Amino acid sequence: MTRPRIHLEQEDELMRETSELRPTLEPTPDRRRWLALVVLLVAGFMDLLDVTIVNVALPTIQSDLNAPYADLEWVVSGYLLGFAAMLITGGRLGDLIGRKTVLLVGLTLFTLASLACGIAPGPAWLIAARIVQGATAGLMIPQILAIMHVSFPAAERGKVLGIWGGVLGSASVAGLIVGGILVQANLFGWAWRPIFLVNVPVGVLAIPAAMVLVRQSRSATADRLDPIGTLLAIGAVLLLVYPLTEGRSLGWPVWTFVLMAAAVLVLAVFVAYERRRSETVGSPLVVLDLFRERSFSTGMAVWLLFWIALGGYFLVWTLYLQAGLGWTPLRAGLSAAPFAVAAAAGAGTSVEVFVPRYGRMVLLAGAMINAAGFGLYLYLAAHYGPGITSAQMFVPLAISGFGFGLFVAPTVDLILSGVPGHDAGSASGQLSTIQQVGMALGVALAGVFFFTQIDNTSARGTTAAIPTLQQQLTDLNIPASARDQILTQFRACVHDRSAATDPTAIPSSCQPAPGQPFSEPLRQALTKAGLDANAHNMSRTFAQTLWWAIGILVAVAAGVFALPRRLTAAPEPNRPGKDSLAVH
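Keep in mind the model is a prediction, meaning the values are calculated, not measured.

Quick look at the nonpolar core
Counting 106 residues, the largest nonpolar core has Trp164, Leu310, Tyr313, Trp317, Tyr320, Tyr377 and Phe542 as its most contacted members. Looking at this core element by element, the count peaks at 15 residues for helix H12 (residues 294-324). Counting residues in hydrophobic clusters, the runner-up holds 29 residues, among them Leu80, Ala84, Ile127 and Ala129.

See the structure below:
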């Protein structure tokens with residue numbers, strides 16, 4: 001049975017007074033905590049990098065493994081599903097059996113899973129390894145945040161969480177850059193495989209470093225596992241993320257909506273069960289009392305909306321650069337550099353420079369600056385079309401990246417700063433789960449909007465490409481009647497390609513009609529015209545999709561006004577008995 005709340009408050013007040021009178025009882029900060037932070041940041045960066053590093057390698061994976069489009073989606077979504085499913089459980093396991101222990105287990109398994117990805121002989125092996133890789137990342141990330149929370153005194157915690165926010169903000173974009181460089185370099189003739197194998201030497205070095213430098217910690221109050229709550233949480237996440245990931249490629253059959261409705265029901269059962277468990281045996285998987293704190297509950301809602309916008313943006317942006325503009329993986333990856341550098345700059349200055357002076361207005365500014373960058377990008381993409389250059393993208397990417405960093409770093413501080421140390425694992429697991437679920441929602445929703453617009457506006461692309469194609473057909477001395485037939489079929493081919501959910505399948509409208517002249521020069525002319533039409537269509541659709549992201553960021557900015565004016569609470573002394581710390 002849980003103790004009455006008034007007794008808990010009186011006990012907390014007594015412990016606060018006792019710690020003030022006997023400061024020697026307070027845990028001494030670990031002298032190696034900053035070295036340990038480096039290890040934690042490397043492990044966290046490696047985990048988060050793998051969310052997006054695979055995106056720029058998908059065309060190479062497809063050609064090397066002869067993988068159908070559905071399998072490529074699983075290579076991406078498998079990591080996300082495994083990650084989201086294990087985050088809350090990983091946080092609770094760290095609280096129960098030791099955060100350092102779970103971190104080391106996760107880091108070891110993640111390294112082995114990365115090796116399995118890198119040597120995969122076929123799509124099925126790669127998909128299975130990616131799911132395991134995501135799940136082991138889900139074990140690690142909550143430990144990283146929780147260890148930071150309990151290892152650093154309150155006076156240093158804001159700086160540490162700001163640094164973590166910078167890593168969080170730049171890892172997704174850095175994945176595109178690193179992935180593009182490694183695929184383009186084709187190290188040892190391994191094509192796409194180094195994007196996974198690069199984790200192996202990093203993990204081999206990080207494991208012994210973590211064993212030596214990271215201090216063990218656990219929650220003294222989280223004394224039991226919650227297997228039923230774990231199953232309900234994983235079930236709710238999977239029931240939501242799976243249909244959102246697969247729905248578009250399957251044409252949104254009825255069962256996808258049934259699963260999403262079931263996810264809501266399972267979530268409701270989960271909340272009721274956790275509330276009942278808190279009132280009876282205790283040690284719930286999710287501490288629902290955390291949501292009574294306005295900074296936590298409102299911050300989580302704003303966090304979810306933000307990652308819906310950004311998760312969708314990263315997917316659509318990658319498709320726009322490679323499938324639309326036809327850029328190489330290296331060029332597409334390096335184009336993310338302005339965003340990544342500006343995001344790091346924004347995150348590095350927000351917590352230490354701007355938040356102490358301007359409070360929650362920093363979050364408002366971050367969301368609106370990010371939206372302004374997207375707005376400028378929207379204008380340039382629509383104005384220049386397929387002729388846009390990397391230099392023309394520099395300014396909007398830098399603006400949106402700086403706003404991204406301004407928002408991410410202090411929001412992490414906001415959500416976790418008021419969380420008691422003994423609930424750090426549960427809170428950090430919920431924080432990271434919300435991020436992954438938000439990205440999954442963003443990918444699904446942006447994908448629906450993006451591909452629907454490509455289908456609906458494909459005529460604009462053909463209209464832009466046909467004048468040049470018509471002149472080329474004339475130059476090839478193709479009779480007028482045959483020219484009209486070819487142009488009609490070209491329009492149908494572009495439309496069917498735009499409407500397809502599997503780009504590896506060639507629509508019948510793209511096959512030569514019986515008796516139709518089809519020389520090599522004609523094939524080249526039609527191929528170039530098809531690429532031009534696709535580039536125009538993708539450019540316009542990307543610009544339209546950015547309006548969707550801008551609208552969500554404006555909603556995020558509005559939600560900031562529901563947050564506390566000041567983001568960082570006054571430092572409190574560490575309370576003895578709340579977290580058990582031991583150096584091993």
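Section: the environment of Ser297
Tracing the sequence through the fold places Ser297 in helix H12. Accessibility expressed as a relative area gives 25% for Ser297, which makes it partly exposed. A C-alpha to C-alpha distance of 9.3 Å links Ser297 and Leu563, two positions 266 residues apart in sequence. Polar side-chain contacts of Ser297 include one of 3.4 Å to the backbone oxygen of Phe291.

Concerning the packing of helix H5 (residues 99-118) against helix H6 (residues 123-151)
With their axes 8 Å apart at the nearest point, H5 and H6 run at an angle of 155 degrees to one another. Comparing the axis directions of H5 and H6 gives the class roughly antiparallel. Of the two elements, H5 crosses H6, and the hand of that crossing is left-handed. For the contact of H5 with H6, the class distribution of residues is 19 nonpolar, five polar and three charged.

Topic: the packing of aromatic side chains
The full count for this structure, using the stated rule, is 19 aromatic pairs. Look at Trp307 and Phe404: their rings are 5.7 Å apart centre to centre, the planes differ by 90 degrees, and that puts the pair in the edge-to-face class. Here Phe404 lies in helix H16 (residues 390-417) and Trp307 lies in helix H12, a separation of 97 residues in the sequence. The exposure class assigned to Phe404 is buried, which follows from its relative accessible area of 0%. Between Tyr313 and Phe339, the ring centres sit 6.4 Å apart and the planes meet at 25 degrees, which makes this aromatic pair stacked. Separated by 26 residues along the polypeptide, Tyr313 in helix H12 and Phe339 in helix H14 (residues 337-358) bring together distant segments of the chain. With relative accessibility at 3%, the residue Tyr313 sits in the buried group.

Some remarks on a nonpolar patch on the surface
On the surface, Leu376, Tyr379, Phe394, Val395 and Ile399 cluster together into a nonpolar patch covering about 440 Å² of accessible area. Put simply, the parts of the chain that give the nonpolar patch at least two residues each are helix H15 (361-384) and H16. Its location among the elements puts Leu376 in helix H15. For Leu376, a relative accessible area of 30% corresponds to the partly exposed category.

What about the confidence of the model for the chain?
Averaged over the chain, the pLDDT score is 80; the fraction of residues at 70 or greater is 86%. pLDDT under 50 marks residues 1-26. Its contacts with residues more than four places away, or in other chains, come to 22 contacts. Low pLDDT, under 50, characterises residues 568-584; the predicted model gives this stretch 43 contacts beyond four residues in sequence or across chains.

Concerning the environment of Leu65
As for its position among the elements, Leu65 is in helix H3 (residues 58-65). Look at Leu65 and you get buried, because its relative accessible area is 11%. For the pair Leu65 and Leu126, spaced 61 residues apart in sequence, the C-alpha to C-alpha distance is 9.8 Å. When near neighbours in sequence (up to four residues on either side) are disregarded, Leu65 contacts Ala120, Pro121, Gly122, Pro123, Leu126, Trp192 and Arg193.

A short note on unusual backbone geometry
Phi at Phe188 is positive, roughly 55 degrees, even though this residue is not glycine. You can see Phe188 is positioned in the loop between helix H7 (154-185) and helix H8 (194-197).

Describing the side chain of Ser400
Residue position: Ser400 is located in helix H16. Judged by its relative accessible area of 0%, Ser400 falls in the buried class. There is a polar contact of 3.1 Å between the side chain of Ser400 and the backbone oxygen of Leu397. Ignoring sequence-local partners within four residues, the contact set of Ser400 consists of Phe339, Ile369, Asn370, Gly373 and Phe374.

With respect to the packing of helix H10 (residues 227-246) against helix H11 (residues 254-279)
Angle between the axes and distance between the axes: these two values describe a pair of packed helices. Where H10 meets H11, the axes come as close as 8 Å, and the angle between the chain directions of the two elements is 155 degrees. Here H10 is positioned roughly antiparallel relative to H11, judged by the angle of their axes. In this structure, the crossing between H10 and H11 has a hand that is left-handed. Of the residues in H11, those touching H10 at Ile228, Gly229, Leu232, Ala233, Gly235, Ala236, Leu239, Leu240, Tyr242, Pro243 and Leu244 are Trp255, Thr256, Leu259, Met260, Ala262, Ala263, Val266, Leu267, Val269, Phe270, Tyr273 and Glu274. Tallied by class, the residues present in the contact of H10 with H11 amount to 19 nonpolar, three polar and one charged.

What counts as what
Residues numbered from 1 in each chain as written. Predicted model: local features only at pLDDT ≥ 70, side-chain atom pairs only at ≥ 80, totals over all residues. Heavy atoms only, no water. Core = buried A, V, L, I, M, F, W, Y, C linked by side-chain atoms within 4.5 Å. Buried < 20%, exposed > 50% of the residue type's maximum accessible area, 1.4 Å probe, protein only. Helix = DSSP H or I, 4+ residues; strand = E, 2+ residues; numbered from the N terminus. Polar contact = N/O pair within 3.5 Å; in protein donor to acceptor, adjacent residues only side chain to side chain. Axes fitted to C-alpha atoms, helices over the stretch in contact; angles between N-to-C directions. Parallel < 35°, antiparallel > 145°, perpendicular 65-115°, else oblique. Left-handed = near helix turned anticlockwise from the far one by under 90°. Nonpolar A, V, L, I, M, F, W, Y, C, P; charged D, E, K, R; others polar. Phe/Tyr/Trp six-rings, centres within 6.5 Å; stacked < 30°, edge-to-face > 60°. Patch = residues over 30% accessible without salt bridge, like charges linked within 9 Å, V, L, I, M, F, W, Y side chains within 5 Å. Areas by Shrake-Rupley, 256 points an atom, 1.4 Å probe, with all protein chains shown as cover. Salt bridge = Lys/Arg side-chain N within 4 Å of Asp/Glu carboxyl O. pLDDT = per-residue confidence, 0-100. Contact = heavy atoms within 4.5 Å.

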